[in-house]
Amino acid sequence: MIYIGIAIWSRAGSTKEFYVAGGGVSPLANGMATAADWMSAASFISMAGIISFGGYDGSVYLMGWTGGYVLLALLLAPYLRKFGKFTVPDFIGDRYYSKTARVVAVLCALLVSFTYVAGQMRGVGLVFSRFLEVDINTGVIIGMAIVLFYAVLGGMKGITYTQVAQYCVLIFAFMVPAIFISIQMTGHVVPQIGMGGTLDDGSGTYLLDKLNGLSEELGFAQYTDGSKSTIDVFMITLALMVGTAGLPHVIVRFFTVKRVKDARKSAGIALLLIAILYTTAPAVAVFARTNMITTVSNQPYEEMPEWFTKWETTGLIAFDDKNGDGKVQYTAFAKAENEHPANELTVDRDIMVLANPEIANLPAWVIALVAAGGLAAALSTAAGLLLVISSSVSHDLIKKTFKPNISDKQELWIARGAATVAVVIAGYFGIDPPGFVAAVVALAFGLAAASFFPAIVLGIFYKKMNKEGAIAGMIVGISLMLFYMLKFKFGIFDGGKVAVAGLQKDWWFGISPEGFGSIAMLVNFVVAITVNRFTPVPPEEVQAIVENIRIPSGAGEATPH
Amino acid sequence: MKPSRSHPKAYWKENLRYLFILLAIWFAVSYGAGILFKEALDTIKIGGFPLGFWFAQQGSIYVFVILIFVYVRLMNRLDKKYGYDE
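Residues numbered from 1 in each chain as written. Chains lettered and ligands numbered in written order. Predicted model: local features only at pLDDT ≥ 70, side-chain atom pairs only at ≥ 80, totals over all residues. Heavy atoms only, no water.

(A) Expanded view of the overall build of chain B. When helices and strands are counted, chain B shows 3 helices and 2 strands. Helices and strands appear in chain B in the N-to-C order α-α-β-β-α. The C-alpha radius of gyration computed for chain B amounts to 18 Å, which surpasses the reference 12 Å derived for 86 residues by more than 25%, pointing to a less compact arrangement than a globule. The principal-axis extent of the C-alpha atoms belonging to chain B is close to 55 × 20 × 15 Å. In chain B, which comprises 86 residues, the share counted as buried stands at 50%. A separation threshold of at least 6 residues defines the contact pool for chain B, and within that pool the share at least 24 residues apart is 66%. Working note: accessible area of chain B is about 4400 Å², and carbon and sulfur atoms make up 70% of it. Put simply, chain B has 11 plus and 6 minus side-chain charges, and the middle of one group is 7 Å from the middle of the other. (Helix = DSSP H or I, 4+ residues; strand = E, 2+ residues; numbered from the N terminus. Rg over C-alpha atoms; globule rule 2.2 N^0.38 Å. Buried < 20%, exposed > 50% of the residue type's maximum accessible area, 1.4 Å probe, protein only. Contact = heavy atoms within 4.5 Å. Areas by Shrake-Rupley, 256 points an atom, 1.4 Å probe, with all protein chains shown as cover. Lys, Arg positive; Asp, Glu negative; His and termini not counted. Charge placed at Lys NZ, Arg CZ, Asp CG, Glu CD.)

Have a look at this one:
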């Protein structure tokens, strides 16, 4: 309700307000909006769960999704703000003086945004269905209606102020249970310290040591070591970092502030606000993992707490008493091995954050708060992405490529129409996911890394970069990434999804599809620079543009031209 | 140096130097301490944290935040020095 109220109050009157909120947003508000925009259902709901089950392996998300902001702040944001246009394809199109480059960029932006937004709609549906007790399809439709209402009406201006509100909700909702549980388990108020502290049971054992011990006992890798290879951890982290810096819905945020120095500052504020959640998440992961193991492992099934049976009915926790002893055996082994019994419990990683307060016996209002937070996270990200999709279509495709003489008002209506169509398509994928939506969300980063990042960086730091090189780089980069993802994630060349697990040994250099974005990005750079050497240098006036964006003063407002 | 608008090249060179230093730190804390040298650093313990693990899940993120704010300050100073401040 509150979100809609803000949308009406701040609805957009012009294309400029729709695209960049009129260019007058303060760095603090913009930082908060960027943080909410950035922290999606994946950060809020899934990430702590993934870390909880992966231990050290989960670090790729923590470093990847924060380290990208350093690249963004240092290499992209200030220059793109100085350039002063509405969208990423705008920059690519003008810098590379070519409609082809612009269209290639639009297609990349649409591909990245759609893969990402579909996952968000699913997240919205999950939370609605679990807590309004409706089925998931109804949940998705309610979510669609809300997102549509304020994204279409308000544009960037509406979204910016609702996202400020959503940031407050989601960070509060994440911190409250974390602090409660930290006090409960370790006696420390700050979860980041509690995570490395000793248990509050008088034993003097460090929490992490205890968890390592428990994991090893059950046959898992040590929590602080993980099981991924070093090269894969390296590559996935790199792909996520570069992908973060290349995501169009994040970049476009920095067009909304007044001056270049505000763009730099607002990247810093955004990361600070994101870091609050990202440094708490690993602590939540450790608490949840320890709590879960001690609650269920080797305990009689009859005596399982209420949360266990409640989640069991959703199918997200499943128990199968293989050895018939009436107790829950939770181990790393599919079959009984040596003295270890077979694993009898499967837990969906996505429920850890939602179930955590219940596992720790926190009051009902905390549980409701977490649901509200998950909703805020998913809605704000979905709205930001829809905006990128609609502006890519109305501004970059229609206005700049096909029908340059439409009026401002017509353009605004096309943008709204495009947002509506996008919501419906995203909703369809949310209701009827092709089975791989969740997997694709992580891959959206690989696609962004493989396409945009090199083109933008070269456009700023390499004055003589020409259109032929940039276009070739983007096309080769994103195609290579698509190919690798289709081959190794969906197995379409080898008989479908069933073949995926068997293909793992064929991974190039042992790099997973999630980490391959790094390789595709390097190939993009190499192709772009090679092609550039054999084709003419860009015209004088383009080189003058590059000189100009390197100087921070005189940014003016973001303008259509 | 006196404020002047005639040194875009010098400004850019100093900017690149800052970027190089800051990105070197960025690389060192995440890819260095958090990934490549994790094993070695894990032998050191700070409280309950093995150090490499701490860098991967906590330390690198704190450093990232500090890096951006240092960059903001350095660039604001540089803007003033070259008269690009507004």
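(B) Local environment of unusual backbone geometry. Residue and element names in this part refer to chain A. Phi at Tyr97 takes a positive value of approximately 35°, unusual for a residue other than glycine. Counting through the fold element by element, Tyr97 comes out in the loop between α6 (88-95) and α7 (99-131). Residue Tyr97 is classed as partly exposed on the basis of its relative accessible area, which comes to 25%. Phi is positive for Asn298, which is not a glycine, with a value near 65°. Examined against the element boundaries, Asn298 turns out to sit in the loop between α13 (260-296) and α14 (306-314).

(C) Region of the structure containing the pattern of salt bridges. The full count for this structure, using the stated rule, is 10 salt bridges over all chains. Residue A:Arg102 is joined to A:Asp90 by a salt bridge in which the shortest nitrogen-to-oxygen separation is 2.8 Å. Here A:Arg102 is found in helix α7, whereas its partner A:Asp90 is found in helix α6, with 12 residues between them in sequence. Here A:Arg102 and A:Asp90 have matching classes, each one buried. B:Lys45 is paired through a salt bridge with A:Asp209; the nearest N and O atoms lie 2.9 Å apart. You can see B:Lys45 sitting in strand β1 (residues 45-46) and its partner A:Asp209 sitting in helix α10 (residues 207-217), one on each of two chains. Judged by relative accessible area, which is 44%, B:Lys45 ranks as partly exposed. (Salt bridge = Lys/Arg side-chain N within 4 Å of Asp/Glu carboxyl O.)

(D) Layout of the interface of chain B and chain A. Contact residues are listed per partner, giving 43 residues for chain B and 53 residues for chain A. Where chain B abuts chain A, roughly 4200 Å² becomes buried across the two surfaces, and 71% of that area is made up of carbon and sulfur atoms. Three residues stand out in chain B for area buried against chain A, namely B:Trp12, B:Gln57 and B:Glu86, and they jointly supply 16% of the buried area on that side. Viewed at the interface, chain A and chain B are joined by 4 salt bridges. Close ionic contact of A:Asp225 with B:Lys38 constitutes a salt bridge, the shortest N to O distance being 3.1 Å. Where chain B meets chain A, there are 13 residue pairs in polar contact (both at pLDDT 80 or more). Counting residues per element, the ones that place at least two in the side of chain B that touches chain A are α1 (8-36), β2 (49-50) and α3 (51-81) of chain B. Here the side of chain B that touches chain A gets 17 residues from one element, more than from any other, and that element is α3(B). Class assignment of the residues belonging to the side of chain B that touches chain A gives a composition of 27 nonpolar, 9 polar and 7 charged. (Buried area = accessible area lost by both parts, 1.4 Å probe. Polar contact = N/O pair within 3.5 Å; in protein donor to acceptor, adjacent residues only side chain to side chain. Nonpolar A, V, L, I, M, F, W, Y, C, P; charged D, E, K, R; others polar.)

(E) Region of interest: the nonpolar core. All names here are of chain A. Counting 206 residues, the largest nonpolar core has Trp38, Phe44, Leu76, Ile92, Tyr278, Phe453 and Ile456 as the members making the most contacts within it. Take this core: its biggest share by element is 19 residues, from α13. Leave out the neighbours within four places in its chain, and Leu76 touches Leu71, Ala245, Ile251, Phe453, Ile456, Val457 and Ile460. (Core = buried A, V, L, I, M, F, W, Y, C linked by side-chain atoms within 4.5 Å.)

(F) Looking closely at the side chain of A:Asn524. Tracing the backbone through its elements, the reader meets A:Asn524 in helix α20 (residues 516-533). Ignoring sequence-local partners within four residues, the contact set of A:Asn524 consists of A:Ala450, A:Ser451, A:Pro454, A:Gly473, A:Met474 and A:Gly477.

(G) A look at α6(A). Residues and elements named next belong to chain A. Extensive coverage of α6 is indicated by the burial of 8 of its 8 residues. Of all the positions in α6, only Val88, Pro89, Asp90, Phe91, Ile92, Gly93, Asp94 and Arg95 are classed as buried. At the exit of α6 stands Tyr97, carrying a positive phi of roughly 35°.

(H) Looking closely at the confidence of the model for chain B. Considering every residue of chain B, the mean pLDDT works out to 89; 93% of them sit at 70 or more. Listed scores for the predicted complex are pTM 0.87 and ipTM 0.92. (pLDDT = per-residue confidence, 0-100.)

(I) Just the packing of aromatic side chains, in detail. In the structure shown here, the tally under the stated rule is 30 aromatic pairs over all chains. Centre to centre, the rings of A:Tyr79 and A:Phe461 are 5.6 Å apart; their planes meet at 80°, and the pair counts as edge-to-face. With A:Tyr79 in helix α5 (residues 59-83) and A:Phe461 in helix α18 (residues 437-461), this pair connects stretches of sequence that are 382 residues apart. Aromatic side chains A:Phe234 and B:Tyr31 sit 4.7 Å apart centroid to centroid with 50° between the ring planes, which places their arrangement in the tilted category. Placement of A:Phe234 in helix α11 (residues 230-246) and of B:Tyr31 in helix α1 is noted, with the two residues assigned to different chains. For B:Tyr31, a relative accessible area of 0% translates into the label buried. Members of the aromatic cluster, connected to one another through ring pairs, are A:Trp38, A:Tyr61, A:Trp65, A:Tyr69 and A:Phe445. Its guanidinium or amino end placed over the ring of A:Phe53, A:Arg289 lies 5.0 Å from that ring's centre, counting from NZ or CZ. Here the guanidinium or amino end of A:Lys487 rests over the ring plane of A:Phe488, the centre of that ring lying 5.3 Å away. (Phe/Tyr/Trp six-rings, centres within 6.5 Å; stacked < 30°, edge-to-face > 60°. Lys NZ or Arg CZ within 6 Å of the ring centre and 35° of its normal.)

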